[in-house]
Amino acid sequence: MTDIITLADPRVAAVRPDECGEPLVDLRVGGQLLLDGRQADDDGSYAHLRAGALDRLVRAQRLLPAGIRLLVVEGYRPPDLQRRYFEQYAATLRNDHPDAGPERIRELASAYISPPEVAPHVSGGAVDLTLCDHTGRELPLGTEVNATPEESGGACRTHAPGISAEARANRALLGRVLMTTGFVNYPTEWWHWSYGDRYWALLRRVPAARYGPADPPRPPA
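Please read all numbers here as calculations on a predicted model, not as lab measurements.

Draft legend 1. Quick peek at the side chain of R50. Here R50 is to be found in strand β4 (residues 48–50). R50 sits in the buried class, given a relative accessible area of 2%. Within the structure, the side chain of R50 is placed 2.7 Å from the side chain of E19, a separation counted as a polar contact.

Draft legend 2. Representation of helix α7 (residues 165–180). Its 16 residues place the ends of α7 22 Å apart at the C-alpha level, agreeing with the 22 Å of an ideal helix rising 1.5 Å per residue. Looking at α7, one finds that the buried residues are A167, N170, R171, L173, L174, G175, V177 and L178. Residues of α7 that are buried in the fold lie against α2 (51–62), β5 (68–74), β6 (126–133) and β8 (192–194). Directly after α7, the chain includes G182, whose backbone phi takes a positive value near 105°.

Draft legend 3. Fine view of the pairing of β6. β6 sits mainly inside the fold: 8 of its 8 residues count as buried. Of the two faces of β6, the one lined by A126, D128, T130 and C132 and the one lined by V127, L129, L131 and D133 are each fully buried. Sheet analysis places β5 next to β6, joined by 6 bridges and oriented antiparallel. Paired with L70 across the two strands is L131, which belongs to β6.

Draft legend 4. Examining the pairing of β5 more closely. Within β5, 5 of the 7 residues are buried, which leaves it mostly tucked inside the rest of the structure. Relative to β5, strand β3 (residues 34–35) is paired through 2 bridges, and the arrangement is parallel. Opposite L35, over in β5, you have V72 as the bridge partner.

Draft legend 5. Structural detail: the environment of A8. When you line up the elements, A8 lands in the segment before α1 (10–14). Residue class for A8 comes out buried when judged on its relative accessible area of 17%. Residues A8 and G67 lie 59 residues apart in sequence; the distance between their C-alpha atoms is 38 Å. Ignoring anything within four residues of it in the chain, the contact list for A8 reads R106, E107, S110 and P115.

Draft legend 6. Spotlight on the packing of helix α3 (residues 79–96) against helix α4 (residues 102–110). It is the contact of α3 with α4, at a shortest axis distance of 9 Å, that shows an interaxial angle of 120°. If you check the angle between α3 and α4, you find them oblique. When the axes of α3 and α4 are compared, the crossing they make is right-handed. Contacts between α3 and α4 involve F86, Y89, A90, L93 and R94 from the former and I105, R106, L108, A109 and S110 from the latter.

Draft legend 7. A look at the pattern of salt bridges. Summed over the entire model, instances satisfying the criterion amount to 12 salt bridges. R11 is the partner of D9 in a salt bridge, and the nearest nitrogen-oxygen pair spans 2.9 Å. A relative accessible area of 17% places D9 in the buried class. Here E22 ties to R210 by a salt bridge, and the two come within 2.9 Å at their closest N and O atoms. Highlighted residues: E22 in the loop between β1 (16–17) and β2 (24–26) and R210 in the segment after β9 (208–209), separated in sequence by 188 residues. Beyond isolated ion pairs, a larger network of salt bridges with shared partners links D36, R38 and E138.

Conventions we followed
- Residues numbered from 1 in each chain as written.
- Predicted model: local features only at pLDDT ≥ 70, side-chain atom pairs only at ≥ 80, totals over all residues.
- Heavy atoms only, no water.
- Helix = DSSP H or I, 4+ residues; strand = E, 2+ residues; numbered from the N terminus.
- Buried < 20%, exposed > 50% of the residue type's maximum accessible area, 1.4 Å probe, protein only.
- Polar contact = N/O pair within 3.5 Å; in protein donor to acceptor, adjacent residues only side chain to side chain.
- Expected span 1.5 Å × (residues − 1).
- Contact = heavy atoms within 4.5 Å.
- Pairing = 2+ DSSP bridges.
- Axes fitted to C-alpha atoms, helices over the stretch in contact; angles between N-to-C directions.
- Parallel < 35°, antiparallel > 145°, perpendicular 65-115°, else oblique.
- Left-handed = near helix turned anticlockwise from the far one by under 90°.
- Salt bridge = Lys/Arg side-chain N within 4 Å of Asp/Glu carboxyl O.

Structure below.
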């Protein structure tokens, strides 16, 4: 199996952003996609994506079979929240691996939570999502969205062995429509896809990321 490039890899940080200026847009306006509330925050950041990423998600949804829809769990994540998630998970790993040095902890943590300085969610180009039926019931994809490597026994990896045939087929369907519309997957998390960020640029071998860190959305007047 091809080695996984983690978000702690220096090649990710080396990609320069060439900010295109696309705004963050609110998925709650227009109702083009279903939005789950499990990651909802007080200012609604989770419900925002860059305009170009949203357009591609809408196109991906049109490629799904009748009766199946995308269910968005989280889009944009403010830098402070990303930092808090990373530090909390790193602290858990330090307890579990007391002999590991700082670089090893950073590498282990980045398999689940991105280092804040290169985080795809902070760019507004990343989305955590799954599939559901026409009633909003989630389809089987092998683990819960945001399952850690520890609690899922590694089944959170996109190509993990040991998941059911139905879950594997659903992951393949999700991947097919998203890759067709330009997204790339972070292969330690089947639910995490991004467009325009540093990780996307590295995998697509383009010279620069379209999106740098985005400012948090302004609250409605």
